[in-house]
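If you want the building blocks of each chain, they are given just below.
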Amino acid sequence: MKILFKFLIITAIVSLLISCGGKEAVKKEEFDPVVYLKKADELVSKKEYEEARKLLLEIKNRESAKEYAPLAQLKIADSYLKEDEPELAITEYRRFIELYPESTYAPYAQYSIGMAYFRQIEGPERGAGTAQKALNEFLKLEKMYPRHPYGDILPLRIQKCRNIIAEGELIIGKFYHKKGSYTAAIGRFEGIVKNYPDFKNLDETLYLLVDSYKNLNMLDKAKQYLKLLKEKFPDSQFAKKAEGFRFQ
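Read on for an overview of the structure. (Residues numbered from 1 in each chain as written. Predicted model: local features only at pLDDT ≥ 70, side-chain atom pairs only at ≥ 80, totals over all residues. Heavy atoms only, no water.)

What about the overall build of the chain?
Right, on to step 1. Counting secondary structure elements, the chain contains 12 helices and 0 strands.
Right, on to step 2. Written out in order from the N terminus, the α and β elements of the chain read α-α-α-α-α-α-α-α-α-α-α-α.
Right, on to step 3. Looking at the chain as a whole, 40% of its 248 residues qualify as buried.
Right, on to step 4. A separation of at least 24 residues holds for 52% of the contacts in the chain among residues at least 6 apart in sequence.
Right, on to step 5. A total of about 15,600 Å² of accessible surface is found on the chain, and carbon and sulfur atoms cover 54% of it. (Helix = DSSP H or I, 4+ residues; strand = E, 2+ residues; numbered from the N terminus. Buried < 20%, exposed > 50% of the residue type's maximum accessible area, 1.4 Å probe, protein only. Contact = heavy atoms within 4.5 Å. Areas by Shrake-Rupley, 256 points an atom, 1.4 Å probe, with all protein chains shown as cover.)

Shown next, in the form of structure tokens:
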């Protein structure tokens with residue numbers, strides 16, 4: 001009788017454990033990439049970036065149809081940008097383009113790379129290198145995705161980068177000019193005239209070129225750039241200032 005009683009107790013315990021295990025299986029959440037994407041967005045909005053990326057990586061690893069995996073990759077890159085980690089963001093945007101070059105989101109990823117650099121530009125004194133990187137990425141966008149949706153804003157971004165790069169060159173050229181290192185200064189100034197003809201301070205650049213060549217007694221070159229200065233900027237203060245030059 002005792003043996004039977006023990007058997008009944010053990011059977012009841014096993015049945016209870018099986019029943020509990022079944023409930024756990026029912027409670028286990030099924031993988032739904034749409035739900036995961038929504039949860040990841042919520043976590044990013046709360047600045048819980050690492051937790052958000054865990055969900056996004058799970059989408060990439062588990063979503064067999066690969067319908068939402070590209071979006072998950074893009075959101076991983078976006079999360080780093082929002083976390084103020086531009087270099088990590090750039091790496092993830094590049095990974096997106098490598099994995100999904102034909103995606104409709106590819107132009108956005110390429111533009112975001114350019115903007116990640118663009119936002120780091122500090123000014124012409126220290127930001128010319130970063131401006132060059134941003135410019136390269138914007139030009140790459142135009143080449144790779146000519147039908148991109150940034151037609152209104154991209155030319156302005158490109159022009160700002162070009163101005164900052166040229167202004168950085170002008171600052172260096174003026175430093176050499178002030179030291180009397182006219183040959184070195186001319187190298188910078190002529191580079192601006194050749195590569196950045198739309199530079200906002202081109203009139204000043206041309207004036208300094210005239211003065212540099214004049215100081216080297218290379219009068220033909222000085223006259224050449226003086227003529228260009230007067231033709232392009234007849235009303236500029238630098239054109240008027242250059243009228244004081246005397247060539248023998």
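So, the packing of aromatic side chains
Right, on to step 1. Following the criterion strictly, the structure yields 10 aromatic pairs and no others.
Right, on to step 2. When the centroid spacing of 5.8 Å and the interplanar angle of 45° are considered together, the rings of Tyr207 and Phe238 count as tilted. Note that Tyr207 is positioned in helix 10 (residues 202–215) and Phe238 in helix 12 (residues 237–242), a separation of 31 residues in sequence.
Right, on to step 3. A cation over a ring is seen here: Arg53 above Tyr80, with NZ or CZ 3.8 Å from the ring centre. (Phe/Tyr/Trp six-rings, centres within 6.5 Å; stacked < 30°, edge-to-face > 60°. Lys NZ or Arg CZ within 6 Å of the ring centre and 35° of its normal.)

Section: the pattern of salt bridges
Right, on to step 1. Enumeration over the complete set of coordinates arrives at 12 salt bridges.
Right, on to step 2. For Asp41, the salt bridge is made with Lys75, and the minimal N-O distance between the two is 3.0 Å. With a gap of 34 residues between them, Asp41 in helix 2 (residues 33–45) and Lys75 in helix 4 (residues 69–82) connect regions that are remote in the sequence.
Right, on to step 3. Look at the salt bridges and you will find they share partners, linking Glu50, Arg53 and Glu83 into a network. (Salt bridge = Lys/Arg side-chain N within 4 Å of Asp/Glu carboxyl O.)

Thoughts on unusual backbone geometry
Right, on to step 1. For Lys47, which is not a glycine, the phi torsion comes out positive at approximately 65°.
Right, on to step 2. With respect to the helices and strands, Lys47 occurs in the loop between helix 2 and helix 3 (49–62).
Right, on to step 3. Positive phi, close to 60°, is recorded for Asn217, a residue that is not glycine.
Right, on to step 4. Here Asn217 is to be found in the loop between helix 10 and helix 11 (219–232).

Let's talk about the packing of helix 4 against helix 5 (residues 86–99)
In helix packing, the relevant descriptors are the interaxial angle and the interaxial distance, both defined with respect to the helix axes.
Right, on to step 1. Two elements in contact, helix 4 and helix 5, have axes separated by 7 Å at closest approach and are oriented at 165°. As far as their axial angle goes, helix 5 and helix 4 are roughly antiparallel. The crossing of helix 4 and helix 5 is left-handed. For the pair formed by helix 4 and helix 5, the contact residues are Pro70, Gln73, Leu74, Ile76, Ala77, Asp78, Tyr80 and Leu81 on the first element and Pro86, Leu88, Ala89, Glu92, Tyr93, Arg95 and Phe96 on the second.
Right, on to step 2. Class assignment for the residues of the contact of helix 4 with helix 5 results in 11 nonpolar, 1 polar and 3 charged. (Axes fitted to C-alpha atoms, helices over the stretch in contact; angles between N-to-C directions. Parallel < 35°, antiparallel > 145°, perpendicular 65-115°, else oblique. Left-handed = near helix turned anticlockwise from the far one by under 90°. Nonpolar A, V, L, I, M, F, W, Y, C, P; charged D, E, K, R; others polar.)

Here's the deal with the nonpolar core
Right, on to step 1. Core analysis: the biggest nonpolar cluster contains 65 residues, and Phe138 and Leu209 have the highest contact counts within it.
Right, on to step 2. A total of 8 residues in this core trace back to one element, the largest contributor, which is helix 6 (residues 106–118).
Right, on to step 3. The contacts of Leu209, once residues within four sequence positions are left out, are Ile186, Phe189, Glu190, Val193 and Tyr225. (Core = buried A, V, L, I, M, F, W, Y, C linked by side-chain atoms within 4.5 Å.)

Section: helix 11
Two residues of an α-helix separated by three or four positions point the same way, owing to the 3.6 residues in each turn.
Right, on to step 1. Here helix 11 spans 20 Å end to end across 14 residues, near enough to the 20 Å set by a 1.5 Å rise per residue.
Right, on to step 2. Among the residues making up helix 11, those that are buried are Leu219, Ala222, Tyr225, Leu226 and Leu229. Down the axis of helix 11, the sector holding all buried residues measures 130°, keeping them to one side. Facing away from the buried surface of helix 11 by more than 90 degrees, the exposed residues are Asp220, Lys227 and Glu231.
Right, on to step 3. Where the residues of helix 11 are buried, they touch helix 9 (182–195), helix 10 and helix 12. (Expected span 1.5 Å × (residues − 1). Arc of directions from axis to C-beta.)

Points about helix 6
Right, on to step 1. An ideal rise of 1.5 Å per residue puts 18 Å on 13 residues; helix 6 measures up with 18 Å between its terminal C-alpha atoms.
Right, on to step 2. Among the 13 residues of helix 6, 12 are classified as buried, and the element is accordingly described as predominantly covered.
Right, on to step 3. For helix 6, the complete set of buried residues consists of Ala106, Pro107, Ala109, Gln110, Tyr111, Ser112, Ile113, Gly114, Met115, Ala116, Tyr117 and Phe118.

A closer look at the environment of Leu219
Right, on to step 1. Following the sequence through the fold, Leu219 ends up in helix 11.
Right, on to step 2. Under the relative-accessibility criterion, Leu219 is labelled buried at 18%.

Read these as spatial facts, not as claims about activity.
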